[in-house]
Amino acid sequence: MIALIVAKSTNNCIGKNGTIPWNLPEDLAFFKKITTGHTVIMGRKTWESLPPKYRPLPNRKNIVITTQKEYVVPEGVDIMHNISEIPNLYPKTKRFIIGGAQIYKETLAFADTLYITEVHMQVDHCDTFFPDIDMLPWKVVAQDEKEHFSIITYKRK
Ligand SMILES: NC(=O)c1ccc[n+]([C@@H]2O[C@H](COP(=O)([O-])OP(=O)(O)OC[C@H]3O[C@@H](n4cnc5c(N)ncnc54)[C@H](OP(=O)(O)O)[C@@H]3O)[C@@H](O)[C@H]2O)c1
């Protein structure tokens, strides 16, 4: 499985000033539960947006995508320079592409699953948006309604 996992607002916002513009512990708990024990793949900016105490994300293989050849990461974290390697990377594990916007856009074609948390709010002055994607090839396989958000799982048709 290669899944994109994202939380986005009603106006498709995913980030503002280098961080996520809401605090939803219940959604973070879902993210932790579903990704723990597996591989998480992220852009360099998302890596740098993680609070140092949560970096690398524990009990997960962390992979950071960057063009920078000398980029330094802690021991145990992998660097990737070429996103076309994703389909062959740790193929026996579940691979979760965890953002940000640039990486979602470039890797959607590799994904067979989408976990989209729809946050029921509008974000003003947003600077990072989830890309417009054609939802026709996707079907909803699960939907979990919470008070402030919904978690929708899609699989390719
Ligand atoms: N709401 C959510 O679910 C969610 C999830 C994740 C992130 N976010 C938010 O999204 C924002 C960050 O997203 P972003 O779009 O600005 O950045 P990003 O996608 O996290 O990272 C972009 C960086 O990834 C590297 N990169 C991208 N494509 C590459 C390629 N083909 N080959 C090699 N390296 C490549 C480049 O790093 P170099 O510049 O080092 O070459 C690029 O600058 C933050 O605000 C974060 O909080 C939100």
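These numbers come from a predicted model, not from an experiment. (Residues numbered from 1 in each chain as written. Predicted model: local features only at pLDDT ≥ 70, side-chain atom pairs only at ≥ 80, totals over all residues. Heavy atoms only, no water.)

### Re the pattern of salt bridges
This structure, assessed with the given rule, holds five salt bridges. For arginine 44, the salt bridge is made with glutamate 48, and the minimal N-O distance between the two is 3.1 Å. Of this pair, arginine 44 and glutamate 48 both sit in helix H2 (residues 44–49), four residues apart, roughly one helical turn. (Salt bridge = Lys/Arg side-chain N within 4 Å of Asp/Glu carboxyl O. Helix = DSSP H or I, 4+ residues; strand = E, 2+ residues; numbered from the N terminus.)

### Thoughts on the site of the ligand
If you check the shell around the ligand, you find 28 residues, and the closest are Thr46, Thr66, Thr67, Gln68 and Glu106. Within the contact set of the ligand, an oxygen atom lies 2.7 Å away from a side-chain nitrogen or oxygen of arginine 44. Elements with a contribution of two residues or more to the shell around the ligand: strand E1 (2–9), strand E2 (13–15), H2 and helix H3 (101–107). Ranked by the residues each element gives to the shell around the ligand, the list is headed by H3, at five residues. Its residues assigned to classes, the shell around the ligand shows 10 nonpolar, 14 polar and four charged. (Near = heavy atom within 4 Å. Polar contact = N/O pair within 3.5 Å; in protein donor to acceptor, adjacent residues only side chain to side chain. Nonpolar A, V, L, I, M, F, W, Y, C, P; charged D, E, K, R; others polar.)

### Comments concerning the environment of isoleucine 103
Checked against the element boundaries, isoleucine 103 lands in helix H3. Isoleucine 103 gets classed as buried once you look at its relative accessible area, which sits at 8%. Put simply, isoleucine 103 and leucine 4 are 99 residues apart on the chain and 9.7 Å apart in space, counted from C-alpha to C-alpha. In contact with isoleucine 103, other than residues within four places in its own chain, are Met42, Gly43, Ile65 and Ile97. (Buried < 20%, exposed > 50% of the residue type's maximum accessible area, 1.4 Å probe, protein only. Contact = heavy atoms within 4.5 Å.)

### Regarding the nonpolar core
Counting residues in hydrophobic clusters, the biggest one holds 23 residues, and the most contacted among them are Leu4, Ile86 and Ile97. Listed by contribution, the elements that provide at least two residues to this core are E1, strand E4 (61–65), H3, strand E7 (113–119) and strand E10 (149–156). Not counting chain neighbours up to four residues away, the residues in contact with leucine 4 comprise Ile97, Tyr104, Thr107, Leu108, Ala111, Thr113, Leu114, Tyr115 and Phe130. Residues Ile5, Leu57, Val64 and Ile98 belong to the second largest nonpolar core, which totals 16 residues. (Core = buried A, V, L, I, M, F, W, Y, C linked by side-chain atoms within 4.5 Å.)

### Describing unusual backbone geometry
Negative phi characterises most residues that are not glycine, and trans characterises most peptide bonds. Here arginine 55 and proline 56 are connected by a cis peptide whose omega angle stands at -5°. Secondary-structure assignment places proline 56 in the loop between H2 and E4. With a phi close to 55°, asparagine 17 is a non-glycine residue in the positive phi region. Turning to its location among the elements, asparagine 17 is positioned in the loop between E2 and helix H1 (25–35). A relative accessible area of 65% places asparagine 17 in the exposed class.

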